[in-house]
Amino acid sequence: MPNTKEFDNTVNIGIESSPLDLPVITGTYDEKGIDISKLLAKTGHVTLDIGFKNTGSTTSTITYIDGDKGVLEHRGYRIEDLASEASFLEVCFLLLKEHLPKRAELDEFVGSVQDYITPPAGIKAILDAMPDDTHPMGMLSAIFASLSGFYPESLDSWTSEEVRWRTIYRLLGHMPGICAYIHRRKANLEYIDPNPSLGYVENFLYMMSGKVDPVVADALDTLLILHADHEQNCSASTVRFVGSSQVNLFASISAGNSALWGPLHGGANQAVLEMLEAIKNDGGDTDKYLDKAKDKNDPFRLMGFGHRVYKNHDPRAKVIKRYADVVLDKLEVEDPVLSIAKGLERAALNDPYFSDRKLFPNVDFYSGIIYRALGIPVDMFTVMFALGRLPGWIAQWKEMREGNEPIGRPRQIYTGHDTRPYIPIGDR
Ligand code: ACO
């Protein structure tokens, strides 16, 4: 059971010689957070923590990460167990409904999602109207935002539990079709409508390519589980932050998806493969690229390396690396960039620049190699991340709304010009 003991301790800080006791919140695994909610009122000071490196934005019961030990759990279940034992929709249920489903509960949940497996026809028209060069993530953010137009009841979905769940099921149900339509639009191929007799992941593959390989479906199901949630990262925090204005779920998810797109977040999976290709085409000299990554005058970073929270290893990366070998083997795919990736990892782990800074491969380092082996084009990789992360975003949004969290509105320290007189344009 979650074990958040509120205010069981205080810390004392002195500001301008006046002592102030601040309550300390302790989490399930004894993590400590100083509650500064009364700081401004009592002292006139705010805290400054650019990039939120030290700042907790909420308490949450969804996901636990121990960055020093490389532990990731959803609702108390280890990611390694979920990846090897559960199905993606079972993990969706767990994230959204807070417990592992019994068989009948899962069947009902799967049925509710499958009811919405066909996206509205108008989505194809929106995609058709977009310029050919639009990035798939730009398409996805636009489609998420457009869903509120197809389903106006979602605008105030919080007022009714029934409408709220219908909105959630619609979003989950439509997602494989939306992603597959985006791929077909980009590849200039005819759209394929879903086959209701197929499962969630199988349908996605069918709508992508018109065929379903059980090995590919199984691999993809596991990859989606590994991406399902990751607590208060940039995109989840965006979903919660935007949602705290009480805008609808679709708009909040659209904003979170845009956050995911960036190369420092989910966009890294595309960037990794492009980097590995560049290394291969440049003769496979990994040392040259390690030197570039270490050079502070060079903006190049080793993509797929480093993480804000993991300072030991990313448990998802470990599973994915093992999986890359198995999947490529099963599919009889030989990809030269896999050995470049392994060589790069080995060299980086033995290099003091990376070990001193605790930089390890993250979830994105090997995922692209598997996606490519599964036949998914590189510019769709971040969309694949979004397909997996959707239940996490929804769970974060739901928890934020259920907790009645106030609108997110940080403070700042103003460092601009002080007051000065306005000078008419002719006199400047
Ligand atoms: N290559 C080279 N140096 C790196 C890298 C990297 N990939 N990552 C961090 N560093 C260095 C920084 O230059 C910095 O060095 P310094 O102390 O000498 O200045 C130090 O390590 C700390 O890095 P920060 O940028 O301060 O760490 P932060 O927590 O802000 O950033 C991040 C984490 C964004 C993931 C970063 O490691 C990075 O840019 N990685 C590459 C992009 C990537 O793979 N992103 C995916 C992350 S996982 C996900 O979002 C799904």
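Up top is the structure these notes are about.
Residues numbered from 1 in each chain as written. Predicted model: local features only at pLDDT ≥ 70, side-chain atom pairs only at ≥ 80, totals over all residues. Heavy atoms only, no water.

> Help me out: how do you make sense of the site of the ligand in this one?
Around the ligand sit 22 residues in total, of which His265, Arg301, Leu302, Gly304 and Arg308 are the nearest. Take Gly304: an N or O atom from its main chain is 2.8 Å from an oxygen atom of the ligand. Residue Tyr353 places a side-chain N or O atom 2.8 Å away from a nitrogen atom belonging to the ligand. In isolation the ligand has 920 Å² of accessible area, and contact with the protein removes 78% of it. (Near = heavy atom within 4 Å. Polar contact = N/O pair within 3.5 Å; in protein donor to acceptor, adjacent residues only side chain to side chain. Areas by Shrake-Rupley, 256 points an atom, 1.4 Å probe, with all protein chains shown as cover.)

> Can you help me understand the pattern of salt bridges in this one?
On inspection of all chains with the given rule, the structure shows 22 salt bridges. Arg170 is paired through a salt bridge with Glu153; the nearest N and O atoms lie 2.9 Å apart. With Arg170 in helix H7 (residues 161–186) and Glu153 in the loop between helix H6 (136–150) and H7, the pair connects residues that are 17 residues apart, well separated along the chain. Overall, the relative accessible area of 28% leaves Glu153 in the partly exposed class. Counted as one network, the salt bridges with shared partners bring together Glu153, Glu162, Arg166 and Arg170. (Salt bridge = Lys/Arg side-chain N within 4 Å of Asp/Glu carboxyl O. Helix = DSSP H or I, 4+ residues; strand = E, 2+ residues; numbered from the N terminus. Buried < 20%, exposed > 50% of the residue type's maximum accessible area, 1.4 Å probe, protein only.)

> Teacher, can you tell me more about the pairing of strand E5 (residues 71–74) here?
When a strand is regular, its side chains alternate between the sheet's two faces. Of the two faces of E5, the one lined by Val71 and Glu73 and the one lined by Leu72 and His74 are each fully buried. As paired elements, strand E4 (residues 63–66) and E5 share four bridges and run antiparallel to each other. Considered in E5, the bridge of Tyr64 is made with Glu73. Following E4, the chain reverses through four residues before pairing antiparallel with E5; Gly70 in that reversal takes a positive phi of roughly 75°. (Pairing = 2+ DSSP bridges.)

> Hey, could you run me through unusual backbone geometry in this one?
The bulk of non-glycine residues show a negative phi, and the bulk of peptide bonds are trans. For Arg75, which is not glycine, the phi dihedral falls at a positive 50°. A positive phi is found at Asn404, a non-glycine position, where the angle reads about 55°. Within the fold, Asn404 resides in the segment after helix H18 (381–402). The class of Asn404 is exposed, set by a relative accessible area of 62%.

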